[in-house]
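Letter by letter, the chains look like this.
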Amino acid sequence: MNAVREISDKFTEEKLDPKLGQKRNEIIANPGMRYDYSLIQITDEKIMGMASDDAIYISKLPPDKSAYLTFHKSADKLGSSGVMPEYLGVSVHMPSGIEEDALSHFWNSLNMESKKFQVAITGRNVSVSEETKEPFVGGTTIMGTSMKAFHVTPRGAVGGDRILMTKTSGLEATTLLSHLFPEFIEEKIGEYNQKMAQKLFFKTSSLQEEQEALKFGLGKNGVTSMKAVRDRGVLGALEEYSRAGGFGMEVDFDQIPVYDEVKEICELFELDPYRTSSMGALLLTLPEEVAEDFSKALIGNGIDVADIGKIDRESNLVKLNGYKEHEDSSNDGRSFYNLFSAFEGKA
């Protein structure tokens, strides 16, 4: 696999964000506002949302799991706006060594995952290339429509709102490593942790809790904003959330959830669970008086959730009470992908 790294915030803000093509009045949210999606007003009452992300293929995973990641990387981003996905465009350039059976399995699984969420695949480009290296094999763009009243952005969070986090830090990194290096992990920290981490795989989507937020209600009396936790982990997501919303946060670091198996595997691979990829975890804000009710709704649907702090509209800083900087806390959020190559032939 090719080594990968993040592009710096400074480069993104200076070189990419100001250059997003023609400015159009109907665009009410876009990546230049530090959002994970765009929102476009198409009538007085209706909006269209769209989000783009990587297509994933990892030959050591069953093809259905690569398809799951491919679908949810963009779908979960869009869902964090409150707009549910409806239309999916896919462009994949698979490695030359892929067998037709594996490609068919991947596509069948992508089809089934799309149907599960009532999403139509409306764009398709599939090729095989000797130049393609795992795990990033193309991209997807997903779209959906909604009444304008039924959406949220980070700027909707209100001072005093509680900040909730679902599931665990380090989610995606941990479960992928447990699939790729099961014998190594079992030998070092035991079969129980390895098996528990593997069971986390189908929790690497936040779309279910985004749907629950829509059911509960969006806006000042319900969920006021959402942010999917991605490559930079929960601490990176909190920083991005704060910048996009123009607010500060008071976060109780000790309340940020980290499952035991995540701690064990991240320690084994020398990853900071708070700053490595946590796809599947979601940050949400709600008024204090309804936060507990929403938490109960999530728990009733089998989704773990923790109250980790509150929004501070008098500040623009993320205050991590109880946090001590780790030596590796600045690690690249995607660095766990580089472990695939580093450990091949060794574990």
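Below, the structure is looked at part by part.

Reading the values: rules and limits
- Residues numbered from 1 in each chain as written.
- Predicted model: local features only at pLDDT ≥ 70, side-chain atom pairs only at ≥ 80, totals over all residues.
- Heavy atoms only, no water.
- Buried < 20%, exposed > 50% of the residue type's maximum accessible area, 1.4 Å probe, protein only.
- Helix = DSSP H or I, 4+ residues; strand = E, 2+ residues; numbered from the N terminus.
- Arc of directions from axis to C-beta.
- Pairing = 2+ DSSP bridges.
- Axes fitted to C-alpha atoms, helices over the stretch in contact; angles between N-to-C directions.
- Contact = heavy atoms within 4.5 Å.
- Core = buried A, V, L, I, M, F, W, Y, C linked by side-chain atoms within 4.5 Å.
- Phe/Tyr/Trp six-rings, centres within 6.5 Å; stacked < 30°, edge-to-face > 60°.
- Parallel < 35°, antiparallel > 145°, perpendicular 65-115°, else oblique.
- Left-handed = near helix turned anticlockwise from the far one by under 90°.

Our focus in this paragraph is helix H5 (residues 182-189). Among all positions in H5, only Pro-182, Phe-184 and Ile-185 are buried. All buried residues of H5 project into a common sector of 165° when viewed along the axis, lining one side. Of the exposed residues in H5, the ones pointing more than 90 degrees away from its buried face are Glu-183 and Glu-187. Positive phi appears at Gly-190, one or two residues downstream of H5, with a value of about 100°.

The next point concerns the sheet that holds strand S7 (residues 162-166). Here we have 6 strands laid out as an open sheet, ordered S8-S10-S7-S11-S9-S12, and mixed in their pairing. Only two strands of the sheet have a single partner each, and these edge strands are strand S8 (225-228) and strand S12 (318-321). Averaged over all neighbouring strand pairs, the angle between strand axes comes to 25°, with direction disregarded. Looking at chain direction, S8 and strand S10 (residues 282-286) are connected through 4 bridges and run antiparallel. Bridging from a neighbouring strand, Lys-227 pairs with Leu-283 of S10. The sheet contacts of helix H10 (residues 288-300) involve S7, S10 and strand S11 (305-312), and relative to S7 the element is tilted by about 10°.

This part takes up the nonpolar core. Most often, soluble globular proteins have nonpolar side chains that are buried together. Ranked by internal contacts, the top residues of the largest apolar core, which has 46 residues, are Val-234, Ile-256, Leu-283 and Ile-308. Those residues in contact with Val-234 that sit more than four places away from it in its chain are Met-165, Ser-169, Val-229, Ile-256, Tyr-274, Ser-278 and Leu-283. Counting 29 residues, the second largest nonpolar core, distinct from the first, contains Ala-67, Ala-102, Phe-117 and Val-119.

With that settled, the discussion passes to the environment of Ser-169. Locating Ser-169 in the fold gives a position in the loop between S7 and helix H4 (171-180). Taking the C-alpha atoms as reference points, Ser-169 and Gly-280, separated by 111 residues in sequence, lie 9.2 Å from one another. Every residue in contact with Ser-169, bar those within four places of it in the chain, is listed here: Val-234, Ile-256, Pro-257, Val-258, Val-262, Pro-273, Tyr-274 and Ser-278.

A few words on the packing of aromatic side chains. This structure, assessed with the given rule, holds 12 aromatic pairs. Pairing Tyr-68 with Phe-202 gives two aromatic rings, centres 5.0 Å apart and planes at 90°, and the pair type is edge-to-face. Taken together, the residues Tyr-68 in helix H2 (residues 63-79) and Phe-202 in the loop between helix H6 (191-199) and helix H7 (207-216) connect sequence positions 134 residues apart. By relative accessible area, which is 7% here, Tyr-68 ends up buried. On the accessibility criterion, Phe-202 (46% relative accessible area) is partly exposed. One aromatic cluster is present, formed by Tyr-68, Phe-201 and Phe-202 through successive ring pairs.

Okay, the sheet that holds strand S6 (residues 136-147) next. On the basis of which strands lie adjacent, the open sheet formed by 6 strands has the order S1-S2-S3-S6-S4-S5 and mixed pairing. The open sheet is flanked by strand S1 (27-29) and strand S5 (120-129), the only strands paired with a single partner. Here the average twist between neighbouring strands, direction ignored, is 20°. Bridge analysis of strand S4 (residues 87-95) against S5 gives 9 bridges, and the strand direction is parallel. Of the residues in S5, the one forming a bridge with Val-90 is Arg-124. H2 rests against strand S3 (46-56), S4 and S6 of the sheet, and its axis sits at about 145° to S3.

Further remarks concern the packing of H7 against H10. Axis separation between H7 and H10 bottoms out at 10 Å; the angle between their running directions is 130°. In this view, H7 runs oblique relative to H10, as classed from their interaxial angle. The interaxial crossing formed by H7 with H10 has right-handed handedness. When H7 is examined against H10, the residues Glu-209, Glu-212, Ala-213 and Phe-216 are found in contact with a partner set consisting of Val-290, Asp-293, Phe-294 and Leu-298.

This part takes up the pairing of S10. A regular strand carries its side chains on alternate faces of the sheet. Counting buried residues along S10, 5 of its 5 residues qualify, which places the element largely inside the surrounding structure. Here S10 shows no split at all, with Leu-282, Leu-284 and Leu-286 on one side and Leu-283 and Thr-285 on the other all buried. One ladder, built from 4 bridges, connects S7 with S10; its direction is antiparallel. Along S10, the bridge assignment pairs Leu-164 with Leu-284.

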